[in-house]
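Survey of secondary and tertiary structure
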Amino acid sequence: MQWEKQSTTKPAAVFIAIGGVYVGQSVIGGLTYSGLPAVLRQGGASLTNIGFVYLVILPWAVKFLWAPLIERFRLPPTGKNRSGLIIFVGAIIAASGLALVGTIGPQALPWIITCLVVVAFTAATVDIACDGFAVETLAPKQRGWGSTAQVGGAYLGSAIGSGLFLVLYARRGWSLSVFSMAAVVLVLSWPFVLINQYIQKPQLRQHLPSLRFALQRREVRKGIILAGLFVTAQKFGISMLGPYLIDANISLLIIGIVNGTGGLAVGLFSAFCGGVAVRRYGSHKVLILALIMQSLLIMSFAVFSILPYVQQTLILICALAASSGVMAFGFVALYAHFMAIADPRQAGVDFTLFQCADSVVSMASGVVSGIIAGHFGYSIQFLCGLIPSIAALIFICKAQLDFPMVQHIEN
């Protein structure tokens, strides 16, 4: 069995490999969705034009369309898997695209968006290969730490792509700051390329990865529903948290510090705690705990928005940091569960379906929560955020989500 042969790999090597890739991907995301909008706004760009930057997220929402092709290339009928080759080529293309952005300059927004779409397409493709590699290589007891590398890498990469990028931009200008991010992405990919070649062995493979095979599996269909409910529960209630804090007279500087340094520290610590909890108690119980904490947090924000006299700066800052921690804690369990139910013969396809559901729901949650907050106020928007939390709790408690780890292979 392919999975059993690869489960003896030293986990530290795999964590280093996938962690570097996930950090690099999040550097791109942090630069695109946080750093670039701030630079554009400072340069006088309109909010409407800045909004077009978020078109770059589309490749992440539809990457399931080419995931089977990537998996078929990554897992040939005979020989070693080609995960390292995909990551190597992808890192070069992504770094080259960022370098081109640094050459263009922030004034040519259409060309910047075009380059970043190519970079996002490449990063999403790399993610397919990296996720598939992680699932097929990590043993069940190691998956909690694997998902910790995913979530923790996302927080660290976002901090680099948004925080460090802006610091470099303020001191050294556009080109050097973007070139630096390109170099970071390239360097972070090398551990994966080297480790992949070291641990992989030639194999015979008979399975042909496909979307149809994935969607025929009951575990995958439940996983997609879980992704939709859980992500909505985690993100809908706090999608308007930034504007709410601004309207509560919290300065942009304080929010930036909390989201940057504080959010990074809390997120990494919570991701580590999530990994420990998943390893000891399983993803099912941790998911339930994360949803309960998220529901209590959303209720607290609803109370804060209704009662002005509790809108103290320190209280709101603590709640903001807590929201970052709860989200990191919950997503470690969610991704660990996805690793458990993804078929190692086409893990890149299965895991991609879950992540695409995450991306689509995240975009929809932001739009809908903005409409509700704009028409009915923050308190109603926060209270509406409790609905998906309760729905997700009911689904997780009744759906018997802890499937046997290798049931779909033995059958």
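Let's talk about the overall build of the protein
The secondary structure content of the protein amounts to 19 helices and 2 strands. Among the 411 residues that make up the protein, the fraction classed as buried is 56%. Restricting to contacts in the protein with at least 6 residues of sequence separation, those with at least 24 account for 86%. Summing over all exposed atoms, the protein offers an accessible surface of approximately 17,600 Å²; the carbon and sulfur share of this is 70%.

Quick word on the packing of aromatic side chains
One pass over the structure, following the stated rule, counts 15 aromatic pairs. Aromatic pair Trp66 and Phe121: ring centres 4.5 Å apart, planes at 40°, arrangement tilted. Of this pair, Trp66 sits in the loop between helix H4 (58-61) and helix H5 (67-74) while Phe121 is found in helix H7 (residues 109-137), placing the two residues 55 residues apart along the sequence. Judged by its relative accessible area of 40%, Phe121 falls in the partly exposed class. Arranged with centres 6.0 Å apart and planes meeting at 85°, the rings of Phe301 and Phe304 form a pair that is edge-to-face. Of this pair, Phe301 and Phe304 both sit in helix H14 (residues 283-306), 3 residues apart, which is roughly one turn of the helix. Both residues of the pair, Phe301 and Phe304, count as buried. Grouped by ring-pair contacts, the aromatic residues Phe230, Phe331, Tyr335, Phe338, Phe351 and Phe354 constitute a single cluster. Its guanidinium or amino end placed over the ring of Phe73, Arg82 lies 4.7 Å from that ring's centre, counting from NZ or CZ.

Some points on the packing of H5 against helix H6 (residues 83-104)
Two numbers describe how H5 lies on H6: the axes approach to 8 Å, and their chain directions differ by 120°. Judged by the angle between their axes, H5 and H6 are oblique. Where H5 abuts H6, its residues Ile70, Phe73 and Arg74 lie against Ser83, Leu85 and Ile86.

Some points on the side chain of Ser210
Note that Ser210 resides in the loop between strand E2 (203-204) and helix H10 (211-216). With residues near it in sequence (within four places) discarded, Ser210 still touches Pro68, Arg72, Gln346 and Val349.

What about the environment of Ala357?
Within the secondary structure, Ala357 is located in helix H16 (residues 347-376). Separated by 131 residues in sequence, Ala357 and Leu226 place their C-alpha atoms 9.3 Å apart. Not counting residues within four places of it along the chain, the set of residues in contact with Ala357 comprises Ile224 and Ala227.

Some remarks on the packing of helix H11 (residues 218-235) against H16
Where H11 contacts H16, the two axes come as close as 9 Å, and the packing angle between them is 30°. Judged by the angle between their axes, H11 and H16 are roughly parallel. Of the two possible hands of crossing, H11 and H16 adopt the one that is right-handed. Contact residues: Val220, Gly223, Ile224, Ala227, Gly228, Val231, Thr232 and Lys235 in H11; Asp350, Leu353, Phe354, Ala357, Asp358, Val361, Ser362 and Ser365 in H16. Grouping the amino acids of the contact of H11 with H16 by side-chain chemistry returns 8 nonpolar, 5 polar and 3 charged.

As for the pattern of salt bridges
If you walk through the whole model with that rule in mind, you get 6 salt bridges. For Arg74, the salt bridge goes to Glu71, with nearest N and O atoms at 2.6 Å. With a gap of 3 residues between them, Arg74 and Glu71 both fall in helix H5, about one helical turn apart. Of the two residues examined, Arg74 and Glu71, each falls in the buried class. Taken together, the shared-partner salt bridges in this structure form one network comprising Glu71, Arg74 and Glu136.

Description of the side chain of His284
Examined against the element boundaries, His284 turns out to sit in helix H14. On the basis of relative accessible area, His284 is assigned to the buried category, the value being 19%. A polar side-chain atom of His284 sits 3.0 Å from the main-chain carbonyl oxygen of Ile396.

Re the confidence of the model for the protein
Across the protein, the average pLDDT comes to 80, with 87% of residues at or above 70. Within the protein, H6 carries the highest mean pLDDT (92), whereas helix H19 (residues 407-410) carries the lowest (36). Taken together, the stretch residues 1-8 has pLDDT below 50 and engages in 24 contacts with residues farther than four places along the chain or on a different chain. Segment residues 402-411 is flagged for pLDDT under 50; beyond a separation of four residues in sequence, or across chains, it makes 25 contacts in the model.

Considerations on a nonpolar patch on the surface
Taken together, the side chains of Phe73, Leu85, Phe88, Val89, Ile92, Ile93, Val118, Leu186, Trp190 and Leu194 define a hydrophobic patch exposed on the protein surface, amounting to about 820 Å² of accessible area. Looking at the nonpolar patch, the elements that each hand over two or more residues are H6 and helix H9 (174-199). The element best represented in the nonpolar patch is H6, accounting for 5 residues. Taking the relative accessible area as the measure of exposure, Ile92 reaches 38% and is therefore partly exposed.

Quick word on empty space enclosed by the protein
All chains considered together, the criterion is met by 1 cavity of 30 Å³ or more. One number sums up the size of the largest cavity: a volume of about 120 Å³. Lining the largest cavity are 15 residues, with Val21, Gln25, Ala91, Val126 and Val185 positioned closest to its centre. Considering each element in turn, the lining of the largest cavity owes the most residues, 5 residues, to helix H2 (residues 11-42).

Definitions and cut-offs
- Residues numbered from 1 in each chain as written.
- Predicted model: local features only at pLDDT ≥ 70, side-chain atom pairs only at ≥ 80, totals over all residues.
- Heavy atoms only, no water.
- Helix = DSSP H or I, 4+ residues; strand = E, 2+ residues; numbered from the N terminus.
- Buried < 20%, exposed > 50% of the residue type's maximum accessible area, 1.4 Å probe, protein only.
- Contact = heavy atoms within 4.5 Å.
- Areas by Shrake-Rupley, 256 points an atom, 1.4 Å probe, with all protein chains shown as cover.
- Phe/Tyr/Trp six-rings, centres within 6.5 Å; stacked < 30°, edge-to-face > 60°.
- Lys NZ or Arg CZ within 6 Å of the ring centre and 35° of its normal.
- Axes fitted to C-alpha atoms, helices over the stretch in contact; angles between N-to-C directions.
- Parallel < 35°, antiparallel > 145°, perpendicular 65-115°, else oblique.
- Left-handed = near helix turned anticlockwise from the far one by under 90°.
- Nonpolar A, V, L, I, M, F, W, Y, C, P; charged D, E, K, R; others polar.
- Salt bridge = Lys/Arg side-chain N within 4 Å of Asp/Glu carboxyl O.
- Polar contact = N/O pair within 3.5 Å; in protein donor to acceptor, adjacent residues only side chain to side chain.
- pLDDT = per-residue confidence, 0-100.
- Patch = residues over 30% accessible without salt bridge, like charges linked within 9 Å, V, L, I, M, F, W, Y side chains within 5 Å.
- 1 Å grid on protein atoms, 1.4 Å probe; cavity = no way out; pocket = protein on both sides within 12 Å on 5 of 7 lines; lining within 4 Å.
- Points joined across faces, edges and corners; volume = space filled by probe spheres on them.

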